[in-house]
Amino acid sequence: MTKKVVILGGGVLGTQIGLICAYHGYDTTFWLRSESSVGRTEPKIKRYSELMIEDLAKTKAVIGTPMGAYVYPRGLVADFKSATAESIDALIAQAKENFAEKIHIELDMAKAVKDAYLVIESMSENPEAKIGVYTAVKDLLDPETILCTNSSTLLPSMFAEYTGRPEKYCALHFANTIWKNNTAEVMGHPGTSEETYNEVVRFAGTIGMVPLQLHKEQPGYILNSMLVPFLSAAQGLWANGVADPETIDLTWQLATGAPAGPFKILDIVGLETAYNINQMKPAAQQEGTIENKIGKLLKEKIDNGETGVNAGKGFYDYTK
Ligand SMILES: NC(=O)c1ccc[n+]([C@@H]2O[C@H](COP(=O)([O-])OP(=O)(O)OC[C@H]3O[C@@H](n4cnc5c(N)ncnc54)[C@H](O)[C@@H]3O)[C@@H](O)[C@H]2O)c1
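Residues numbered from 1 in each chain as written. Predicted model: local features only at pLDDT ≥ 70, side-chain atom pairs only at ≥ 80, totals over all residues.

## Focus: the overall build of the chain
Then, number 1: When you go through the chain residue by residue, the secondary structure sums to twelve helices and eight strands.
Then, number 2: On C-alpha atoms alone, the chain measures out to a radius of gyration of 20 Å, which is about the 20 Å that the 2.2 N^0.38 rule sets for 320 residues.
Then, number 3: With the principal axes as the frame, the chain shows a C-alpha extent of 60 × 50 × 40 Å. (Helix = DSSP H or I, 4+ residues; strand = E, 2+ residues; numbered from the N terminus. Rg over C-alpha atoms; globule rule 2.2 N^0.38 Å.)

Next comes the structure, spelled out in structure tokens:
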């Protein structure tokens, strides 16, 4: 029987995680809290599934080129070295079939998680919201179901006691544009069983990810321990009036050869997530601090609907 994976939350990352699971053959259910959530998630499923298929199609043009190994969608093509136009076409056909047949949306939480092998919580980075959902789901899960969080900044030990299954709970953290940036950081809390940890590592490999194992809890994991200070420094330069976002990005790109600068990355991450992360810093509540200025500037953009790539506008305009 095909294993069932459930995603709690259908936002930027939840949608991508669900799609990559369906792509790799898992029966995938999104649990969403309301009809209006369905109205927001369905277009994201459509958009990200189209982007995945577009990137697969583009792969055909880079087979055999020196750049190919750097740009192909690593989460979608397992064996790029021996890929051919025909093998990519077969992946596209399979992807279309899986996206059409293996994705379900469910508002009833009990129905959503019934018989689940693995449940991945990918809701807003808000501790109360996460605790609320863990409390609601804990008695509905099958005893064997593994529960993971995709939280970027909150530790699994903060939530373990609310899950009713601390030994079957750990973090499985993905990166945005999961089908290309196929990292999966696996991080237990002190009560995670070795069996669960190893199973989550194994699962990550089955959905085209490279499992990156952390030996202990670390706020921000490996990636965000580096990325968050980097993005904060860039936002500080902007909020302090030192330079505009375009110049800051250009500096980073020219000096390091990176394909994108911090403000382009912020647009991809989404300004709401950046805002939530900033507001968690105590200094953000104190008038006159740089964190407070960053919060106000981000809020202004969010209130204008400029929340990033998904909205068509963030620090850059994507409608042109
Ligand atoms: N955006 C990124 O680049 C990124 C990368 C890695 C991990 N993450 C993590 O993934 C998680 C989700 O982030 P996102 O960017 O997808 O956020 P998002 O704002 O795009 O989506 C959040 C989802 O949670 C739902 N939600 C919020 N409160 C809820 C509640 N009380 N009950 C039920 N559903 C609720 C929303 O409806 C939405 O579907 C966060 O924990 C974040 O730290 C995000």
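## Considerations on the pairing of strand β2 (residues 27–31)
Then, number 1: For β2, a buried count of five out of five residues is recorded, marking the element as mostly surrounded by other parts of the structure.
Then, number 2: Across the two faces of β2 the burial is the same, with Asp 27, Thr 29 and Trp 31 and Thr 28 and Phe 30 all buried.
Then, number 3: For strand β1 (residues 4–8) and β2, the ladder comprises five bridges, and the chain directions are parallel. Counterpart to Ile 7 in the pairing with β2 is Phe 30.
Then, number 4: As a crossover connection, the stretch from β1 through helix α1 (residues 12–23) into β2 is right-handed.
Then, number 5: Note: β2 against strand β3 (residues 103–106), four bridges, orientation parallel. Note that in β3 the partner of Thr 28 across the bridge is Ile 103. (Buried ≥ 20, exposed ≤ 12 C-beta atoms within 10 Å, placed from the backbone. Pairing = 2+ DSSP bridges. Right-handed = clockwise from strand over helix to strand, strands pointing away.)

## Considerations on the nonpolar core
Then, number 1: Formed by 59 residues in total, the largest nonpolar core has its most connected members in Val 6, Met 52, Val 119, Cys 148 and Leu 172.
Then, number 2: Top contributing element to this core by residue count: α1, with eight residues.
Then, number 3: Beyond its immediate sequence surroundings of up to four residues, Met 52 is in contact with Leu 19, Tyr 23, Pro 73, Leu 76, Ala 95 and Trp 179. (Core = buried A, V, L, I, M, F, W, Y, C linked by C-beta atoms within 7 Å. Contact = placed C-beta atoms within 7 Å.)

## So, helix α9 (residues 245–256)
Then, number 1: Helix length check: α9 (twelve residues) gives 17 Å between terminal C-alpha atoms against 16 Å at 1.5 Å per residue, within 8%.
Then, number 2: Among the residues of α9, those classed as buried are Pro 245, Ile 248 and Asp 249. For α9, the arc enclosing every buried residue in end-on projection is 95°, short of the 170-degree limit, so these residues lie on one face. Relative to its buried face, α9 has exposed residues pointing more than 90 degrees away, namely Leu 254 and Ala 255.
Then, number 3: Of the surrounding secondary structure, the elements contacted by the buried residues of α9 are α8 (223–239) and α10 (262–269).
Then, number 4: At the exit of α9 stands Gly 257, carrying a positive phi of roughly 80°. (Expected span 1.5 Å × (residues − 1). Arc of directions from axis to C-beta.)

## So, the sheet that holds strand β8 (residues 210–213)
Then, number 1: Reading across the sheet, the eight strands line up as β3-β2-β1-β4-β5-β6-β7-β8 and stay open at both edges, with mixed pairing between neighbours. Every other strand in the sheet has two partners, leaving β3 and β8 as the edge strands with one partner each. Each adjacent strand pair in this sheet contributes to an overall mean axis angle of 25°, direction not counted.
Then, number 2: Contacts from α1 reach β1, β2, β3, β4 (118–121) and β6 (169–174), with the element oriented near 165° to β2. (Axes fitted to C-alpha atoms, helices over the stretch in contact; angles between N-to-C directions.)

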